[in-house]
Amino acid sequence: MKQVRAYLAYSGWQSQVPGVGGTLWVRDGFKVGIPNTASEDRDITLGVLERLASCERSPKEELAARIRYHLMDVAFLRAANDYKITDTIPLEAAATMIGSTRKLLRASGTTAWREQSEIGGNYVRRGDAVLKSARMDHTIEGSFVIPVLVPLTEPADRAVPEARSETLELFSSAPEPFERRVTRTFAQSILAVREIIVQPERFPSASDLNDVVLRGVSREFCSAVAAILSEPAVSEFETRFDWAKAIPASSTMPTSVVIESDAVERIELAAEKLKRGRIDQRSVFSGDIVELRHVAQEPFGDIWISTIRKGRRSEIKVQLPFAHYQEAVAWHREQRAVIVEGQIKLGPSRRLVVDAPHSCRPIDEIFLPAS
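In this text, all values refer to a predicted model and were calculated from it rather than measured experimentally. (Residues numbered from 1 in each chain as written. Predicted model: local features only at pLDDT ≥ 70, side-chain atom pairs only at ≥ 80, totals over all residues. Heavy atoms only, no water.)

Draft legend 1. Spotlight on the overall build of the protein. Each helix and strand counted, the protein has 10 helices and 16 strands in total. Computed over the C-alpha atoms, the radius of gyration of the protein is 23 Å, within 12% of the 21 Å expected from 2.2 N^0.38 for a compact globule of 371 residues. Dimensions of the protein along its principal axes, counting C-alpha atoms only, are 65 × 65 × 30 Å. The burial tally for the protein puts 48% of its 371 residues in the buried class. The long-range fraction of contacts in the protein, counting pairs at least 24 apart against all pairs at least 6 apart in sequence, stands at 66%. Accessible area of the protein: about 19,000 Å², with a carbon and sulfur share of 49%. Averaging the locations of the 49 positively and 50 negatively charged side chains of the protein gives two centres separated by 6 Å. (Helix = DSSP H or I, 4+ residues; strand = E, 2+ residues; numbered from the N terminus. Rg over C-alpha atoms; globule rule 2.2 N^0.38 Å. Buried < 20%, exposed > 50% of the residue type's maximum accessible area, 1.4 Å probe, protein only. Contact = heavy atoms within 4.5 Å. Areas by Shrake-Rupley, 256 points an atom, 1.4 Å probe, with all protein chains shown as cover. Lys, Arg positive; Asp, Glu negative; His and termini not counted. Charge placed at Lys NZ, Arg CZ, Asp CG, Glu CD.)

Draft legend 2. Fine view of empty space enclosed by the protein. For the coordinates displayed, the defined rule picks out 2 cavities of 30 Å³ or more. Computed from the structure, the largest cavity encloses a volume of approximately 60 Å³. What lines the largest cavity is Thr-111, Ala-112, Glu-115, Arg-181, Arg-184, Thr-185, Gln-188, Leu-214, Arg-215, Gly-216, Ser-286 and Ile-363. Broken down by element, the residue count for the lining of the largest cavity peaks at 4 residues, all from helix α6 (residues 178-198). When grouped by side-chain class, the residues that make up the lining of the largest cavity number 3 nonpolar, 5 polar and 4 charged. Quantified by volume, the second largest cavity comes out at close to 40 Å³. Of all the secondary-structure elements, those providing two or more residues to the lining of the second largest cavity are β4 (72-80), α4 (91-111), β6 (144-151) and α6. Of the residues that constitute the lining of the second largest cavity, the class distribution is 6 nonpolar, 2 polar and no charged. (1 Å grid on protein atoms, 1.4 Å probe; cavity = no way out; pocket = protein on both sides within 12 Å on 5 of 7 lines; lining within 4 Å. Points joined across faces, edges and corners; volume = space filled by probe spheres on them. Nonpolar A, V, L, I, M, F, W, Y, C, P; charged D, E, K, R; others polar.)

Draft legend 3. How the structure looks around the packing of α6 against helix α7 (residues 206-214). Remark: α6 packs on α7, axes separated minimally by 10 Å, with the N-to-C direction vectors making an angle of 175 degrees. What the angle tells us is that α6 and α7 run roughly antiparallel. Counted together, Ala-192, Ile-196 and Ile-197 of α6 and Asp-208, Leu-209, Asp-211 and Val-212 of α7 form the full contact between these two elements. Of the residues that constitute the contact of α6 with α7, the class distribution is 5 nonpolar, no polar and 2 charged. (Axes fitted to C-alpha atoms, helices over the stretch in contact; angles between N-to-C directions. Parallel < 35°, antiparallel > 145°, perpendicular 65-115°, else oblique.)

Draft legend 4. Quick look at the nonpolar core. Counting residues in hydrophobic clusters, the biggest one holds 67 residues, and the most contacted among them are Leu-104, Val-212, Val-225, Phe-237, Ile-259 and Ile-267. Tallying contributions element by element places α6 first for this core, with 10 residues. Excluding residues within four positions of it along the chain, Leu-104 makes contact with Leu-77, Phe-186, Phe-221, Ala-224, Val-225, Ile-228 and Phe-237. (Core = buried A, V, L, I, M, F, W, Y, C linked by side-chain atoms within 4.5 Å.)

Draft legend 5. Focus on the pairing of strand β12 (residues 312-321). Bridge count between strand β11 (residues 300-309) and β12: 10 bridges; the pairing is antiparallel. Note on β12: the bridge partner recorded for Asp-302 is Gln-319. Once β11 ends, the chain turns through 2 residues before running back antiparallel as β12, passing Lys-310 with a positive phi of about 55 degrees. As paired strands, β12 and strand β15 (residues 352-354) are joined by 2 bridges and run parallel to one another. Looking at β15, one finds that Val-318 is bridged to Val-354. (Pairing = 2+ DSSP bridges.)

Draft legend 6. Looking closely at the layout of surface pockets. Space inside the largest pocket adds up to approximately 610 Å³. Going through the elements one at a time, α6, β10 (284-295) and α10 (322-333) are the ones with two or more residues in the lining of the largest pocket.

Draft legend 7. Molecular detail of the sheet that holds strand β9 (residues 256-260). The antiparallel open sheet is built from 5 strands, whose spatial order is β5-β6-β4-β8-β9. Either end of the sheet is taken by a strand with one partner, and the two such strands are β5 (135-136) and β9. Strand direction decides the pairing type here: β4 and β6, joined by 8 bridges, are antiparallel. Each bridged residue has a counterpart across the sheet, and for Leu-77 the counterpart in β6 is Ile-146.

Draft legend 8. Seen up close, the environment of Val-338. Its location among the elements puts Val-338 in strand β13 (residues 338-341). Distance from Val-338 to Arg-313, taken between C-alpha atoms, is 16 Å for residues 25 residues apart in sequence. Once residues lying within four places of it in the same chain are set aside, the contact partners of Val-338 are Phe-285, Ser-286, Gly-287, Ile-289, Ile-305, Trp-331, Arg-361, Pro-362 and Ile-363.

Draft legend 9. Examining the pattern of salt bridges more closely. Evaluated as defined, the whole model comprises 20 salt bridges. The shortest N-O distance in the salt bridge between Arg-78 and Glu-236 comes to 2.5 Å. Taken together, the residues Arg-78 in strand β4 and Glu-236 in strand β8 (residues 236-242) connect sequence positions 158 residues apart. The burial state of Arg-78 is the same as that of Glu-236; both residues are buried. One salt bridge connects Asp-355 with Lys-345, and the closest N-O pair in it is separated by 3.6 Å. Taken as a pair, Asp-355 in the loop between β15 and β16 (359-362) and Lys-345 in strand β14 (residues 345-346) lie far apart in primary sequence, 10 residues in all. Relative accessible area serves as the criterion here: at 36%, Asp-355 is assigned to the partly exposed category. (Salt bridge = Lys/Arg side-chain N within 4 Å of Asp/Glu carboxyl O.)

Structural data, given as structure tokens:
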């Protein structure tokens, strides 16, 4: 029933004062009773679902799916070959696909915590916890598709630190759950592999490979993609994302990425190059914007980025010229994660500050290298 209550709250239903056995939820003149305790009684669950489906004028099966995936990111990983994969797949290819899917998510869990070109066995516990919580749904008929379900932690409301006034512009939001940071890193990484490693005519330079690392790509991630594409039965590998409705994703986030099998040698070479790569983590960080402030007539505005630094969640204040600050307001509304390059200092009250960033831009704007 926890999933049902989360769905009701998100969908505009209002809970009344709980009674002894349950809580009444109301919306637009409709009422639905939800038991206060988790119920394993299938008949009770079906009764609640049928009542809610009637109120929302929705087929029961569609409503059940919306509730189930309401607080889950879903990645659909598809191996395709018009001749060798129809209703079945070679067992070896299926084993590689499932094993590599695990490696992709595990690598993303670590690079979501700290970007690095090679993990080398140093996986972080927080990322492995996301991997452990992930589920594999039933495969989809046709081309071999693995649905990977990643449950998200519902974000708590973020308290506005001070009242608005005529001279103060203030925007605030809760940080994205770490699980979303992992699935976002997964999506950014697979897109970066295609855009920066596979598609350009020339092989990416050291600077280009640094860019893919900043988007979450690691040697281990590339090796896992290459392992799938190396299977004789696989001609292309597609990753499609369905983002949890409870925590809306930016429209700039990828929804589908396809990589052809003939790219395998280039991806393997990139993996080898990443084995020797390094990035300067002292001056580059990424995350979502959780707060913006601007005082009227001031030439600068401040934004706070929620990120991971030295193994813990941190918020770093970045000072931007007003025109750049206005762009950041739009990025915040569009829920776009950003990447910042600049010297991090200790400010008042020992808060981390970047007062003159070299760059601050949405992470999805790391462009293709020149041909």
